[in-house]
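So you can see what is in the structure, the chains are spelled out below.
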Amino acid sequence: AEVHFALGRHRGGERDTAGAIEALERALVLQPDLLPAYPLLGAVRVQAGQAEAAARVMARYEVRLDLLLSALRNANTVGSRKLAVIDLLALLDDERATGALIDALGDSAPAVRMAAAGALADEASAEALMALSKAALAETDGVARAVLKANLKRAHDAARAALGAPPPATLPPPTGAPPPAQKDR
């Protein structure tokens, strides 16, 4: 499915709408949960003058997305399925996916919380940074706390880079700490 998705992206970039549609439809037959393929297929169908077909594609996207969001938020969904859903949601630029990933930071399974943190770190939005910060402070599992903190740092660094701000050279000493000793020359 990923090969057909990549081929569809390539053909769409080359303005081969028929080839792109064929490849993307094949990708979705093979993997109906490959959510990033739906908006791309919809856009290619619009370029091809197929607005009604594009609307049907996006309706299918909405149904698939709702199913995945429900699975992630359902306490009875097994952890491995939640991890797979997180991997798919991480590929989307959709605020509903971001909201579900933030909700997953409160899941009962540490592995799900850690995977959600990784997905949110890749996003590096202000909303993701705030949620990661709160989750890291509230985390009771030591390993999960370390992973959440590492992802918070990664998200923070990515956000700084996106804004063009250089990373700090060194961290300032904690308040009330003596200044670092300087070596004699």
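**Details of the overall build of the protein**
- Helix and strand content of the protein: nine helices and zero strands.
- Listed N to C, the secondary structure of the protein is α-α-α-α-α-α-α-α-α in terms of helices and strands.
- Put simply, the protein has 185 residues, and 37% of those count as buried.
- For the protein, the proportion of contacts with a sequence separation of at least 24, taken over those separated by at least 6, is 52%.
- Total accessible area computed for the protein in this model is approximately 11000 Å², and 58% of it derives from carbon and sulfur atoms.

**Things to note about the pattern of salt bridges**
- Counted under the stated rule, the structure contains 11 salt bridges.
- For E25, the salt bridge goes to R60, with nearest N and O atoms at 3.7 Å. One end of the pair, E25, is in helix α2 (residues 17-30); the other, R60, is in helix α4 (residues 51-73), and 35 residues separate them in sequence.
- For R60, a relative accessible area of 33% gives the class partly exposed.
- Several salt bridges converge on common partners, so that one network encompasses E25, R45 and R60.

**A short note on the packing of aromatic side chains**
- For the coordinates displayed, the defined rule picks out one aromatic pair.
- Geometrically, the ring pair formed by Y38 and Y61 is tilted, given 6.2 Å between the ring centres and 50 degrees between the ring planes. Remark: Y61 occurs in helix α4 and Y38 occurs in helix α3 (residues 37-47); sequence separation between them is 23 residues. Here Y38 matches Y61 in class, with each residue buried.

**What about the packing of α4 against helix α6 (residues 95-104)?**
- Where α4 contacts α6, the axes come no closer than 10 Å and their chain directions differ by 10 degrees. On the basis of their axis angle, the class for α4 and α6 is roughly parallel. Between α4 and α6, the contacting residues are Y61, E62, L65, L69, L72 and R73 on the first element and R96, A97, G99, A100, L101, D103 and A104 on the second.

**A closer look at the environment of A138**
- Summarising the element assignment, A138 is placed in helix α8 (residues 126-138).
- A138 sits in the exposed class, given a relative accessible area of 57%.
- With 32 residues separating them along the chain, A138 and G106 place their C-alpha atoms 9.4 Å apart.

**Some details on the nonpolar core**
- Of all hydrophobic cores here, the largest spans 46 residues; its most connected members are L35, I86, L89 and L105.
- Put simply, the parts of the chain that give this core at least two residues each are α2, α3, α4, α5 (79-89), α6, α7 (110-123), α8 and α9 (142-163).
- Per-element accounting of this core gives the leading share, seven residues, to α4.
- Aside from chain neighbours lying at most four places away, what touches L105 is R113, A116, A117, L120, A131, L132 and A135.

**Some remarks on α8**
- For α8, with 13 residues, the first-to-last C-alpha span of 18 Å sits near the 18 Å given by 1.5 Å per residue.
- Of the surrounding secondary structure, the elements contacted by the buried residues of α8 are α6, α7 and α9.

**Let's talk about a negative patch on the surface**
- Among the surface-exposed residues, D93, E95, E123 and E127 lie close enough to one another that they form a single negatively charged patch.
- Accessibility expressed as a relative area gives 47% for E127, which makes it partly exposed.

**A few points about α7**
- Between its first and last C-alpha atoms α7 spans 20 Å; for 14 residues at 1.5 Å apiece the expected length is 20 Å, and the two agree.
- Within α7 the residues assigned to the buried category are V112, R113, A116, A117, G118, A119, L120 and A121.
- Those residues of α7 that are buried lie in contact with α5, α6, α8 and α9.
- Where α7 terminates, the next one or two residues include A124, which has phi positive at roughly 55 degrees.

Here is what the cut-offs are and how they apply
Residues numbered from 1 in each chain as written. Predicted model: local features only at pLDDT ≥ 70, side-chain atom pairs only at ≥ 80, totals over all residues. Heavy atoms only, no water. Helix = DSSP H or I, 4+ residues; strand = E, 2+ residues; numbered from the N terminus. Buried < 20%, exposed > 50% of the residue type's maximum accessible area, 1.4 Å probe, protein only. Contact = heavy atoms within 4.5 Å. Areas by Shrake-Rupley, 256 points an atom, 1.4 Å probe, with all protein chains shown as cover. Salt bridge = Lys/Arg side-chain N within 4 Å of Asp/Glu carboxyl O. Phe/Tyr/Trp six-rings, centres within 6.5 Å; stacked < 30°, edge-to-face > 60°. Axes fitted to C-alpha atoms, helices over the stretch in contact; angles between N-to-C directions. Parallel < 35°, antiparallel > 145°, perpendicular 65-115°, else oblique. Core = buried A, V, L, I, M, F, W, Y, C linked by side-chain atoms within 4.5 Å. Expected span 1.5 Å × (residues − 1). Patch = residues over 30% accessible without salt bridge, like charges linked within 9 Å, V, L, I, M, F, W, Y side chains within 5 Å. Lys, Arg positive; Asp, Glu negative; His and termini not counted. Charge placed at Lys NZ, Arg CZ, Asp CG, Glu CD.

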